[in-house]
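Chain residues, written in single-letter form:
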Amino acid sequence: MNNSRFARTAGWLAVPCLVAAGLLAWYVTREPVSRLENHQIAVADIDPALVARGEYVARLSDCVACHSVPGGAPFAGGLEMATPLGSIHATNITPDTETGIGHYSLADFDRAVRHGVAPDSRRLYPAMPYPSYAKLSDEDVRALYAFFMKGVAPVKQANIPSAIPFPLNLRWPIALWNGVFVDAEPYVTKPLQNERWNRGAYLVQGAGHCGSCHTPRGLAFNEKALDESGKPYLAGALLDGWYAPSLRDDHNTGLGRWSEQEIVQFLKTGRNQHAVVYGSMTEAFNNSTQFMSDDDLTAIAHYLKSLPGDRERDGAPWQYQAVSAAQRLESPGAQTYVTRCASCHGLDGKGQSQWMPPLAGATSALARESASAINITLNGSQRVVAAGVPDAYRMPAFREQLSDQQIAEVLTFMRSTWGNQGSAVDAQTVGKLREHTDPASSSPIILQMR
């Protein structure tokens with residue numbers, strides 16, 4: 001009797017379990033519906049004007065940053081990206097029909113760019129910033145497709161398989177991740193905001209995918225917010241050995257002391273009185289932001305300055321405290337600063353105009369995270385190429401000249417002088433970054449689109 005009752009109960013439970021399993025299988029293997037399913041483009045008939053527009057959208061989206069490597073063909077892939085699960089490699093997105101995307105239809109392309117799903121229903125890892133690209137307009141996706149099909153030279157180069165071990169390399173769970181963390185709808189204009197603000201929001205949230213680096217991530221590696229409605233949006237994040245600072249109106253660690261024009265100047269020339277591009281931002285500048293129109297740069301600056309800061313997170317506003325490093329030689333790290341750093345950054349920490357950035361009040365000196373300060377001291381800066389001209393001055397790498405302890409001491413000195421409020425740096429933290437990072441390359445990827 002008991003066995004019979006157990007069998008009937010198990011039978012009844014099996015039905016909903018099978019239904020649930022079927023629904024799950026359907027959900028994770030389904031092909032997302034493309035908004036461009038019925039708007040196909042014949043490659044032979046693509047208008048050159050559409051290709052030119054797509055080239056600009058590719059600049060806005062900084063596609064080259066991940067899909068090209070130094071010395072390699074544009075967009076042929078191969079860049080290794082470390083993830084907590086293992087290494088993955090950017091793919092070939094040239095129009096080669098065998099190893100690239102030459103066989104993609106417009107709808108295929110749309111699903112890959114805005115939904116993260118390849119034509120074989122294979123889910124793309126969200127290292128591809130499709131959570132941001134989802135906000136691209138239909139028109140910009142069409143233009144991108146035109147550019148990649150007709151404005152990029154096909155390159156036969158096989159993709160490199162990921163190094164993520166089984167079962168972590170199974171991709172179907174990404175569909176569930178997308179369902180929870182991705183808003184798959186294009187950007188919707190905010191009627192209460194003006195045209196410039198909306199254009200800036202579209203560029204920052206969508207093509208520019210600024211949140212990919214500057215928004216903190218949750219336990220599931222998701223961006224904690226995808227637009228200004230979330231307080232963490234663009235509030236600063238630690239990523240790949242760098243601290244991407246806040247892009248909100250935070251006085252210390254954000255853009256609170258920057259005017260809109262200074263933001264435009266930074267994105268257009270790679271420098272202003274507050275800072276010079278370095279780390280991952282160098283690549284974004286070299287191939288993306290400096291090519292944006294003045295109107296778009298102004299829109300971006302206007303939108304960013306509308307994002308309020310957080311005094312509780314940011315701390316008391318920084319104020320410069322005048323002191324010469326030569327007067328503090330008894331402090332650990334001061335002697336190293338005077339002999340190694342002062343010739344460029346000044347005994348007073350104020351730098352030299354726009355060429356040598358100030359350390360007094362620098363984000364890297366005020367942020368709780370010390371990763372950027374350590375990384376650039378260990379590895380130096382990449383070459384900044386503005387308007388085709390490489391910079392004459394680069395931060396040198398000190399990994400061979402200074403020990404972990406010396407770097408810790410000089411950075412602690414820098415982060416506690418001239419009113420700076422950054423926390424102390426310890427040698428162990430320096431050692432960990434030394435082990436997992438490499439010197440900055442002097443041969444940056446500079447993409448000639450045509």
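None of these values were measured; they are calculated from a predicted model. (Residues numbered from 1 in each chain as written. Predicted model: local features only at pLDDT ≥ 70, side-chain atom pairs only at ≥ 80, totals over all residues. Heavy atoms only, no water.)

(A) Region of interest: the UniProt feature "domain: Cytochrome c" (unreviewed entry) in the protein. Feature annotation in UniProt places "domain: Cytochrome c" (unreviewed entry) on residues 49-152, 195-308 and 328-418, given in this structure's numbering. The span residues 195-308 is 40% helical and 5% strand by assignment, and the distance between its end C-alpha atoms comes to 20 Å. Secondary structure over residues 328-418 splits into 38% helix and 4% strand, and the C-alpha atoms at its two ends are 11 Å apart. (UniProt positions renumbered as here; feature names shortened; annotations may be inferred. Helix = DSSP H or I, 4+ residues; strand = E, 2+ residues; numbered from the N terminus.)

(B) Quick peek at the packing of aromatic side chains. Scanning the entire structure with this criterion turns up 14 aromatic pairs. Plain terms: the ring middles of Tyr187 and Tyr202 are 6.2 Å apart, the flat faces sit at 65 degrees to each other, and that makes the pair edge-to-face. Of this pair, Tyr187 sits in the loop between helix H7 (173-181) and helix H8 (195-207) while Tyr202 sits in helix H8, and the two are 15 residues apart along the sequence. Grouped by ring-pair contacts, the aromatic residues Phe75, Phe109, Tyr145, Phe147 and Phe148 constitute a single cluster. One Lys or Arg, Arg59, reaches over the ring of Phe291 and ends 3.8 Å from the middle of that ring. (Phe/Tyr/Trp six-rings, centres within 6.5 Å; stacked < 30°, edge-to-face > 60°. Lys NZ or Arg CZ within 6 Å of the ring centre and 35° of its normal.)

(C) Region of interest: the pairing of strand S2 (residues 86-89). Both strand S1 (residues 80-83) and S2 contribute to a ladder of 4 bridges, which runs antiparallel. Bridging across to S2, Thr83 finds its partner in Gly86. If you look at the hairpin formed by S1 and S2, you'll find 2 residues sitting between the two strands. (Pairing = 2+ DSSP bridges.)

(D) Local environment of the pattern of salt bridges. Tallied over the entire structure, the rule returns 20 salt bridges. We note a salt bridge from Lys156 to Glu98, for which the minimum N-O separation is 2.3 Å. Taken together, the positions of Lys156 in the loop between helix H6 (138-150) and H7 and Glu98 in the loop between S2 and helix H4 (106-115) put the pair 58 residues apart, joining distant regions of the chain. Judged by relative accessible area, Glu98 falls into the exposed class, the value being 62%. The partner of Asp110 in a salt bridge is Arg114, with the nearest N and O atoms 2.5 Å apart. With Asp110 and Arg114 both in helix H4, this residue pair falls 4 residues apart, about one helical turn. Like Arg114, Asp110 is buried. (Salt bridge = Lys/Arg side-chain N within 4 Å of Asp/Glu carboxyl O. Buried < 20%, exposed > 50% of the residue type's maximum accessible area, 1.4 Å probe, protein only.)

(E) The arrangement of a nonpolar patch on the surface in detail. Side chains of Phe166, Leu170, Trp172 and Leu176 sit close together on the surface and give an oily, nonpolar patch of about 410 Å² of accessible area. Mapped onto the secondary structure, Leu176 falls in helix H7. (Patch = residues over 30% accessible without salt bridge, like charges linked within 9 Å, V, L, I, M, F, W, Y side chains within 5 Å. Areas by Shrake-Rupley, 256 points an atom, 1.4 Å probe, with all protein chains shown as cover.)

(F) Inspection of unusual backbone geometry at higher detail. Here Phe166 and Pro167 are connected by a cis peptide whose omega angle stands at 5 degrees. Among the structural elements, Pro167 can be located in the loop between H6 and H7. Despite not being glycine, His209 shows a phi value in the positive range, around 35 degrees. Of note, Leu234 is a non-glycine position whose phi angle comes to about 60 degrees, a positive value. Locating Leu234 in the fold gives a position in the loop between helix H9 (211-214) and strand S3 (237-239). Judged by its relative accessible area of 0%, Leu234 is buried.

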